[in-house]
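Close look at the chain arrangement
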Amino acid sequence: MGKSFFNCFLTVFTVIGSVIGAGFITGKEIYEFFANDFSVSGVYLAFICFWVFIYLMMSIDYGKYKKHVEVVVALASIIISGCMISALDEVYVRIFRLSEKVKILSVITVILVFITSLKGVRVIEKCCFVLIPIVIAVLIAFTLSKTEYLSLNFTPKSKRGIYLPFIYVGFNLLLSSKIIKKSGEILSPPFKILSSFIISLILCFCIFIVGNLLYSSDKLADMPFREMFLKDVKLLIIIDIITLFAIITTLFSSVYTSIEFGGVNLKLWQKILILLLSLAVSNAGFSAIVQILYPILGVIGYGVISFTYLLRLPFLKERRVRTYRLLKRTK
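Everything numeric here is computed off the predicted structure, so don't read it as measured data.

About the cut-offs
Note that residues are indexed from 1 along each chain, following the sequence as it is written. Under the rules for a predicted model, residues below a pLDDT of 70 receive no local features and side-chain atom pairs below 80 are neither given nor counted, while totals for whole chains, interfaces and linings still include all residues. The basis for every side-chain value is the complete set of non-hydrogen atoms in the structure, without hydrogens or water. Only DSSP runs of H or I reaching four residues or more are called helices, and only runs of E reaching two or more are called strands; each is numbered from the N terminus. By the convention used here, residues are in contact when the closest approach between their heavy atoms is within 4.5 Å. The method behind every accessible area is Shrake-Rupley, applied with a 1.4 Å probe, and residues are considered shielded solely by the protein chains displayed. Residues enter a nonpolar core if they are buried and are Ala, Val, Leu, Ile, Met, Phe, Trp, Tyr or Cys, with the set joined through side-chain atoms within 4.5 Å. Think of it in three bands: residues with accessible area under 20% of the maximum for their type are buried, residues over 50% are exposed, and the middle band is partly exposed, with areas taken using a 1.4 Å probe on protein chains only. Salt bridges are counted wherever a side-chain nitrogen of Lys or Arg sits within 4 Å of a carboxyl oxygen of Asp or Glu. pLDDT gives the predictor's per-residue confidence on a scale running from 0 to 100. For helices, the axis comes from a line fit to the C-alpha atoms of the stretch in contact; other axes are also lines fit to C-alpha atoms, and the angle between any two N-to-C directions lies between 0 and 180 degrees. In what follows, roughly perpendicular refers to angles from 65 to 115 degrees, roughly parallel to angles under 35, roughly antiparallel to angles over 145, and oblique to any angle outside these ranges. Crossing handedness is defined as follows: a turn of the near helix away from the far one that is anticlockwise and smaller than a right angle gives a left-handed crossing, while the clockwise case is right-handed. Asp, Glu, Lys and Arg are counted as charged, while Ala, Val, Leu, Ile, Met, Phe, Trp, Tyr, Cys and Pro are counted as nonpolar; the rest, among them Gly, fall into the polar class. The pairing test for Phe, Tyr and Trp rings, Trp by its six-membered ring, is centres within 6.5 Å, and the orientation test on the planes gives stacked under 30 degrees, edge-to-face over 60, and tilted for anything in between.

1. Focus: the overall build of the protein
Within the protein one finds 14 helices and zero strands. Partitioning the contacts of the protein with sequence separation of at least 6, the portion at a separation of at least 24 is 88%. In the structure as shown, the protein presents an accessible area of about 15,600 Å², 68% of it carried by carbon and sulfur atoms.

What follows is the structure, encoded as structure tokens:
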């Protein structure tokens, strides 16, 4: 039982690590998808979607769509790796006051992440188990220290307050799908339910408190959460460090997924080529990728979920079989 709980929390922190990346920890994602039209119902919708679909991903395989889905997920992961590398450049510039043209620290970090990813999910789990609790604890403590009041808007002002959180869950599920499946495959069904619940609860609690803070402060910067602490240099350094941790854990997920391209056993030089492609994508810039490509990836994410999970649920599968037999008799 003790080992089962330990494996459960390994999965919890690994999946959370694949979601809480640069966009989340800097507040950029949360502002774009939640704080623009902040409401309790929007966060609750995200919670339910995360819980249900993470459990489904752990429990149901890709079936006949496996190769196609894994190629789509790998391509999306290349884009996200590029986004994280771009954010990595910005963080190192802020921490070490380096020129934006000096990317040696980012390159070294990416190489270390690449080497770790080659070792597989079990090594990634151990890294996330160490880093992510620190990230979550600091994020919650710093957010609550700046929160003066809670905005309890139960319903959004427009449809954006519903479909944007829905899309947000979609692209995160798409990008984390391989990690969710690989990390959750060793869990028994009750622990899959428990781990998916804990993941959803922690993510949505963080979304709620950070979204509330950004909504009440009306910050429009590229890294709005970070902007809250500009007057305190010590706190700012801590935020930059946990941002670095969050970027690294998301890079573990995206790099691992991209180099496992379509489930094919790629040669080392092919995996390096994919990594170089991610470095090239990083030139598009952190904000551009979050604002333009994330919503598109969200739609693709629900397309993947629909074809690989929802249509294969027992009651829907049985209904499709009955419909097929009826059509066959009609012909």
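2. Quick look at the nonpolar core
Buried together is how nonpolar side chains tend to be arranged in soluble globular proteins. Formed by 89 residues in total, the largest nonpolar core has its most connected members in Ile20 and Tyr168. In this structure Tyr168 touches Val19, Phe24, Glu29, Phe33, Phe34, Phe50 and Ile207, once residues within four positions along its chain are discounted.

3. Let's talk about the pattern of salt bridges
Taken as a whole and assessed by the stated rule, the structure comprises three salt bridges. The closest approach of N and O atoms between Arg122 and Glu125, which form a salt bridge, is 2.8 Å. Within this pair, Arg122 and its partner Glu125 are both found in helix H7 (residues 121-146), separated by three residues, close to a single helical turn. A relative accessible area of 32% places Arg122 in the partly exposed class. Arg122 serves as the salt-bridge partner of Glu185, at 3.5 Å between the closest nitrogen and oxygen. Here Arg122 lies in helix H7 and Glu185 lies in the loop between helix H8 (160-184) and helix H9 (189-217), a separation of 63 residues in the sequence. A network of salt bridges, in which partner residues are shared, links Arg122, Glu125 and Glu185.

4. Comments concerning the confidence of the model for the protein
Reading fine detail from the predicted coordinates is not recommended where pLDDT is low. Scored by pLDDT, the protein comes out at a mean of 81, with 79% of its residues at no less than 70. Model confidence for the protein, summarised as mean pLDDT per element, is weakest for helix H14 (residues 314-330) at 50 and strongest for H7 at 92.

5. Quick notes on the packing of helix H6 (residues 104-118) against helix H11 (residues 233-259)
One can describe the packing of H6 onto H11 by two numbers: an axis separation of 9 Å at closest approach and a directional angle of 60°. Taken together, H6 and H11 sit at an angle that is classed as oblique. Between H6 and H11 lies a crossing whose hand is right-handed. Across from Thr109, Val113, Phe114, Thr116, Ser117 and Leu118 in H6, the residues of H11 making contact are Ile248, Leu251, Phe252, Val255, Tyr256 and Ile259. When grouped by side-chain class, the residues that make up the contact of H6 with H11 number nine nonpolar, three polar and no charged.

6. A short note on the packing of helix H5 (residues 66-96) against helix H12 (residues 268-281)
In the contact formed by H5 and H12, the axes pass within 7 Å of each other and the chain directions differ by 55°. Of the possible angle classes, the one that applies to H5 and H12 is oblique. Crossing of H5 against H12: the hand is right-handed. Seen from H5, the contacting residues are Ile78, Ile79, Ser81, Gly82 and Ile85; seen from H12, they are Ile274, Leu277, Ser278, Leu279 and Val281. Per-class residue counts for the contact of H5 with H12 are seven nonpolar, three polar and no charged.

7. Some words on the packing of aromatic side chains
If you walk through the whole model with that rule in mind, you get 16 aromatic pairs. Seen from their ring centres, Phe6 and Phe129 are 5.4 Å apart, and the 65° between their planes marks the pair as edge-to-face. With Phe6 in helix H1 (residues 2-19) and Phe129 in helix H7, this residue pair connects regions lying 123 residues apart in the sequence. Of the residues examined, Phe129 reaches a relative accessible area of 30% and is grouped as partly exposed. Ring centres of Phe33 and Tyr168 lie 5.6 Å apart, and the angle between their planes is 50°; on these two criteria the pair is classed as tilted. You can see Phe33 sitting in helix H3 (residues 28-33) and its partner Tyr168 sitting in helix H8, a full 135 residues away along the chain. In this pair, the class of Phe33 matches that of Tyr168, namely buried. Ring pairing ties together the aromatic residues Phe33, Phe34, Phe50, Tyr168 and Phe171, which thus form one cluster.

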